[in-house]
Amino acid sequence: GAGVSQSPSNKVTEKGKDVELRCDPISGHTALYWYRQSLGQGLEFLIYFQGNSAPDKSGLPSDRFSAERTGGSVSTLTIQRTQQEDSAVYLCASSLDQSDYNEQFFGPGTRLTVL
Amino acid sequence: QKEVEQNSGPLSVPEGAIASLNCTYSDRVSQSFFWYRQYSGKSPELIMSIYSNGDKEDGRFTAQLNKASQYVSLLIRDSQPSDSATYLCAVLFGNEKLTFGTGTRLTIIP
């Protein structure tokens, strides 16, 4: 079946502009996660959704970052007034639910470059 | 102390040999452990999950979990050049978010 999809695959923007990243999880997966990976670095957790609610927003770096999920499916991550340090690959993952098993499957990522 | 620790490598292993990747984690309630493979420029791919002490085998991969010693390892038998990648260990503490190590870069030498 179809895996996690993300769009756009690449985004180049100017400092100060807003960007919106989209994630389409695996059908039937109720849990959705956003991570960020800077060049040569590990995965940085940003936020996760169980259904449409976000129980854990602790990883969002600043109030310029926000995310929403509607209909228990597609999620968008919005970065306002982008800064150069926001440049990274933004990864989305989904899992069947937020349970003990929690096997997460990743999308291909969106590479964001802020000039 | 980091919650999930891995040797960053690089780890070089001759083709056909066994590659052994190790991961230790902090002393917290943990029940689910995962290994992801990440090729350069690609996203992480789940290759193994393990939930109880002991060994779990899947093809050329074996995951080993020892909760008393707080380590989880991944063995790759008959290593192939296509196994060259960064391997990420991930631990689910309680029912919280998955915590990833920084990864071990593995290079299989033909």
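Coordinates for the structure precede this section.
Residues numbered from 1 in each chain as written. Chains lettered and ligands numbered in written order. Predicted model: local features only at pLDDT ≥ 70, side-chain atom pairs only at ≥ 80, totals over all residues. Heavy atoms only, no water.

Undergrad: Quick question: what am I supposed to make of the side chain of Gln6(A) here?
TA: Residues and elements named next belong to chain A. Within the secondary structure layout, glutamine 6 lies in strand β1 (residues 5–7). Glutamine 6 sits in the buried class, given a relative accessible area of 10%. A polar contact of 3.0 Å, which involves the side chain of glutamine 6, links it to the backbone oxygen of tyrosine 90. Only 3.0 Å separates the side chain of glutamine 6 from the backbone nitrogen of cysteine 92, close enough to count as a polar contact. Setting aside residues up to four positions removed in sequence, glutamine 6 forms contacts with Arg22, Cys23, Trp34, Tyr90, Leu91, Cys92, Gly107, Pro108, Gly109 and Thr110. (Helix = DSSP H or I, 4+ residues; strand = E, 2+ residues; numbered from the N terminus. Buried < 20%, exposed > 50% of the residue type's maximum accessible area, 1.4 Å probe, protein only. Polar contact = N/O pair within 3.5 Å; in protein donor to acceptor, adjacent residues only side chain to side chain. Contact = heavy atoms within 4.5 Å.)

Undergrad: Looking at this structure, how should I read the pattern of salt bridges?
TA: Opposite charge on two side chains allows them to pair when their charged atoms are near. All names here are of chain A. Summed over all chains, the structure comprises 6 salt bridges over all chains. Ionic pairing is found between arginine 64 and aspartate 86, a salt bridge with its closest N-O pair at 2.8 Å. With arginine 64 in the loop between β6 (53–56) and β7 (65–69) and aspartate 86 in the loop between β8 (75–79) and β9 (88–95), this residue pair connects regions lying 22 residues apart in the sequence. In this pair, the class of arginine 64 matches that of aspartate 86, namely buried. (Salt bridge = Lys/Arg side-chain N within 4 Å of Asp/Glu carboxyl O.)

Undergrad: Please clarify how the pairing of strand β9 (residues 85–93) of chain B should be interpreted in this entry.
TA: Residue and element names in this part refer to chain B. Where burial is concerned, most of β9 is hidden: 8 out of the 9 residues are buried. Where strand β4 (residues 30–38) lies against β9, 8 bridges are found, and the strand directions are antiparallel. Looking across to β9, one finds that serine 32 is bridged to leucine 92. By the bridge criterion, 3 bridges tie β9 to strand β11 (residues 104–109) in an arrangement that is antiparallel. Paired with tyrosine 87 across the strands is threonine 104, a residue of β11. The pairing of β9 with strand β10 (residues 98–100) spans 3 bridges and is classified as antiparallel. Among the inter-strand pairings, leucine 92 is bridged to a residue of β10, identified as leucine 98. (Pairing = 2+ DSSP bridges.)

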